[in-house]
Each structure stands twice: as C-alpha cells, then as structure tokens.
Amino acid sequence: MLLHPQFDPVAFSVGPLSVRWYGLMYLVAFIQFILLGRLRIKSRPGLLSVEQLDDLLFYGMLGVILGGRLGQVLFYEPGYYLANPLEILAVWKGGMSFHGGFLGVLVAMTLWARKSRLAWFDVTDFIAPLVPLGLAAGRLGNFINGELWGRVADPALPWAMVFPQAGDMAPRHPSQLYHVGLEGLALFALLWLFTAKPRPRGAASGVFLIGYGAFRFVTEYFREPDHGIFGQSYTVSMGQWLSLPMVLAGVLLLVLAYRRKTV
C-alpha cells in the first residue's frame, strides 16, 4: 500500500505571509482560465474581447469563492459553522463546495451578461471548456492537503493509499485523483473537442452539466461520503444528490439547444 506523502500545506512563506497549496491551486485555476480563454478568443474572434475576459474572470472569482463557501456552509456543515460563524470567513483553510461555487458562478454570469448586454448562454457556452482544468487544480489541492479521501479499498489495489488524516490507517481510494482524471482532464477533453466546431446556443453548457454531473456521480462511489444535510450515506451521497439535477438540466438543455439550432 502507498502512504500519502503528507505534504506541508504551506507552499512557501515570505516573512509573516504564508501561501498555502490550496490557495495556490485556485491561482493556477484562474491563470489557466485566462490562457485558455484568450486561445478561444483568438480562434473565434468577435465572441469576446480580452478586456471582457479579464472582467468576466473577476466576476467568476467572486462567484466561485462566495458561492463555494456558502455551499459548504449550507449543504455540508451547517451545524459546525452555526457554532463557529467566524470560521465561515477562513476560506484559506479549505472547505469549498463545487455545487455552491457553481451556483455562485451562475449568479455572477447572469450579472455580467446583463452588464455586457450579451446572451447568457453565449457566456456560459464560452466558459464551459475553460472550467474543468481549474477543477482539476482544486482537486490536486485536496490531495496535497490529504483531505476528502476515498472509501476503504482492497489492500491488493496497486494504488490503494493510507491517509493518516482519516485516523484509521486503512487503505483507501485516492479519490481526489479520480476527480482530477474524470471531472478535470476527461471533461476538459470532451468539451474542448465538442466546442471545436460551432454548436447551437446552450449546447456546450448542456454537455458540461451532463459531463460533470455524471463524472461526479461515479467518483462519489469511491469517495468517503461527506456529512451533508441529509446525513452521511454510502448509498447516495450528498454530492450525488446535488449532481443528479445537473445531469437532468443538461439533458433538457441539450435537447432544447438542438431543437432551436441557434448558433
């Protein structure tokens, strides 16, 4: 069995300032968003300007951070944060919900699209392929922190890993890396190839919802379930409950997009 490397959560320090790996992964996510966004603008001129992309990222950052934190508070640990309200502000310690961040981004994109006088689905279709690699970076941050470990695995599994933070020294699935592979790399490849040609308005957004929801539903079977608002369940986890509406909404959106066929 492998042993988790037990990385120092602090990447580096400059005087009294400490930069944590988790925060650094968010920076990597935002940088790749800008680089891939500029590449898309170059390949499809007229869609957005570079200046608009920078402004879009700012709105997206606010949506991710505020929504992700509120999602963690409301969906997963309401009791803990009710007892420790000041901890809500301690985002550098981790504890961000993807589904909360997703809802936060939807709100941010709504405000930005209205301000920029652009069709909402044109904006969400544009950002859909720019998101997965950022998600992969976040999951790498989870792995470095040794958090969100997987369920107990067969010790004969070649990549079964012991996470001392789990407290039981049992072999587990390194589920953070499964998230990296499916919700990150695989979803990125799917969306990048899908959007290589013009698609009906809303189609890329639909594929993102289906892809993420389905991949997340699968990876949750290898991840130790979180204590969500419905309690801890090994049958259908909180992450799976939140992913099901994404898949259903994505299928509906994709069907409607191809019926309208508005590019």
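Note that the structure is predicted; figures quoted are calculated from it, not measured. (Residues numbered from 1 in each chain as written. Predicted model: local features only at pLDDT ≥ 70, side-chain atom pairs only at ≥ 80, totals over all residues. Heavy atoms only, no water.)

A.B. asks: Now, about the pattern of salt bridges: what can you tell me, with residues and values included?
C.D. replies: Tallying each qualifying case throughout the model produces eight salt bridges. Taking the shortest distance from any N to any O, the salt bridge between Glu183 and Arg139 comes out at 3.9 Å. Remark: Arg139 occurs in helix α6 (residues 132-145) and Glu183 occurs in helix α7 (residues 175-194); sequence separation between them is 44 residues. An identical accessibility class is assigned to Glu183 and Arg139; each is buried. A salt bridge links Glu220 to Arg216; the shortest N-O distance between them is 2.7 Å. This pair shows no difference in class: Glu220 is buried, exactly as Arg216 is. (Salt bridge = Lys/Arg side-chain N within 4 Å of Asp/Glu carboxyl O. Helix = DSSP H or I, 4+ residues; strand = E, 2+ residues; numbered from the N terminus. Buried < 20%, exposed > 50% of the residue type's maximum accessible area, 1.4 Å probe, protein only.)

A.B. asks: Just give me the short version of helix α9 (residues 238-260), but keep the residues and values in it.
C.D. replies: Between its terminal C-alpha atoms α9 stretches 34 Å, which fits the 33 Å expected from 23 residues at 1.5 Å a residue. Those residues of α9 that fall on the buried side of the exposure criterion are Met238, Gly239, Gln240, Leu242, Ser243, Met246, Gly250, Leu253 and Ala257. Here the buried face of α9 lies against α2 (50-76), α4 (98-116), α5 (120-127) and α8 (203-219). (Expected span 1.5 Å × (residues − 1). Contact = heavy atoms within 4.5 Å.)

A.B. asks: Pulling in residues and values, what's your account of the sheet that holds strand β4 (residues 161-162)?
C.D. replies: Sheet architecture is open: three strands sit in the order β1-β4-β5, paired in mixed fashion. Taken across any chain shown, the strands that pair with only one partner, and hence form the sheet edges, are β1 (2-3) and β5 (171-172). Pairing of β4 with β5, which is carried by two bridges, proceeds in the antiparallel orientation. The residue bridging Met161 from the neighbouring strand is Arg172, located in β5. (Pairing = 2+ DSSP bridges.)

A.B. asks: Residues and numbers for the packing of aromatic side chains, please.
C.D. replies: Going through the model one piece at a time under the given rule, you end up with eleven aromatic pairs. Summarising the aromatic geometry, the rings of Phe143 and Phe163 are spaced 6.4 Å apart at their centres and angled 90° between planes, so their arrangement reads as edge-to-face. One end of the pair, Phe143, is in helix α6; the other, Phe163, is in the loop between β4 and β5, and 20 residues separate them in sequence. When sorted by exposure, Phe143 lands in the same class as Phe163, which is buried. (Phe/Tyr/Trp six-rings, centres within 6.5 Å; stacked < 30°, edge-to-face > 60°.)

A.B. asks: A description of the pairing of strand β2 (residues 10-14) should follow, citing residues and the corresponding values.
C.D. replies: With four bridges connecting them, β2 and strand β3 (residues 17-20) associate as antiparallel partners. Along β3, the bridge assignment pairs Val10 with Arg20. Between β2 and β3, which pair antiparallel and follow one another directly, the connecting turn spans two residues, one of which, Gly15, has a positive phi of 65°.

A.B. asks: An account of the nonpolar core is needed here, citing residue identities and associated values.
C.D. replies: By size, the foremost hydrophobic cluster in this structure holds 19 residues, and its most contacted members are Phe33, Leu56, Met109, Phe126 and Ile127. Among the elements of the structure, α1 (21-43), α2, α4 and α5 are those that each provide at least two residues to this core. Residues in contact with Leu56, not counting those within four places in the same chain, are Phe33, Leu48, Met109, Trp112, Val123, Phe126 and Ile127. Leu191, Ala204, Met246 and Ala257 belong to the second largest nonpolar core, which has 15 residues in total. (Core = buried A, V, L, I, M, F, W, Y, C linked by side-chain atoms within 4.5 Å.)

A.B. asks: Quick one: what's the story with the packing of α8 against α9, residue by residue and with numbers?
C.D. replies: Between α8 and α9, the least distance of the axes is 7 Å, while the angle of their chain directions is 155°. The orientation of α8 relative to α9 falls into the category roughly antiparallel. Crossing of α8 over α9 shows left-handed handedness. Of the residues assigned to the contact of α8 with α9, the class counts are 17 nonpolar, seven polar and one charged. (Axes fitted to C-alpha atoms, helices over the stretch in contact; angles between N-to-C directions. Parallel < 35°, antiparallel > 145°, perpendicular 65-115°, else oblique. Left-handed = near helix turned anticlockwise from the far one by under 90°. Nonpolar A, V, L, I, M, F, W, Y, C, P; charged D, E, K, R; others polar.)

A.B. asks: With reference to specific residues and values, describe a nonpolar patch on the surface.
C.D. replies: A grouping of Phe58, Leu62, Ile65 and Leu66 is seen on the molecular surface, where their side chains present a nonpolar patch of about 370 Å² in accessible area. Along the chain, Leu62 falls in helix α2. (Patch = residues over 30% accessible without salt bridge, like charges linked within 9 Å, V, L, I, M, F, W, Y side chains within 5 Å. Areas by Shrake-Rupley, 256 points an atom, 1.4 Å probe, with all protein chains shown as cover.)

Treat this as a map of the structure, not an account of what it does.
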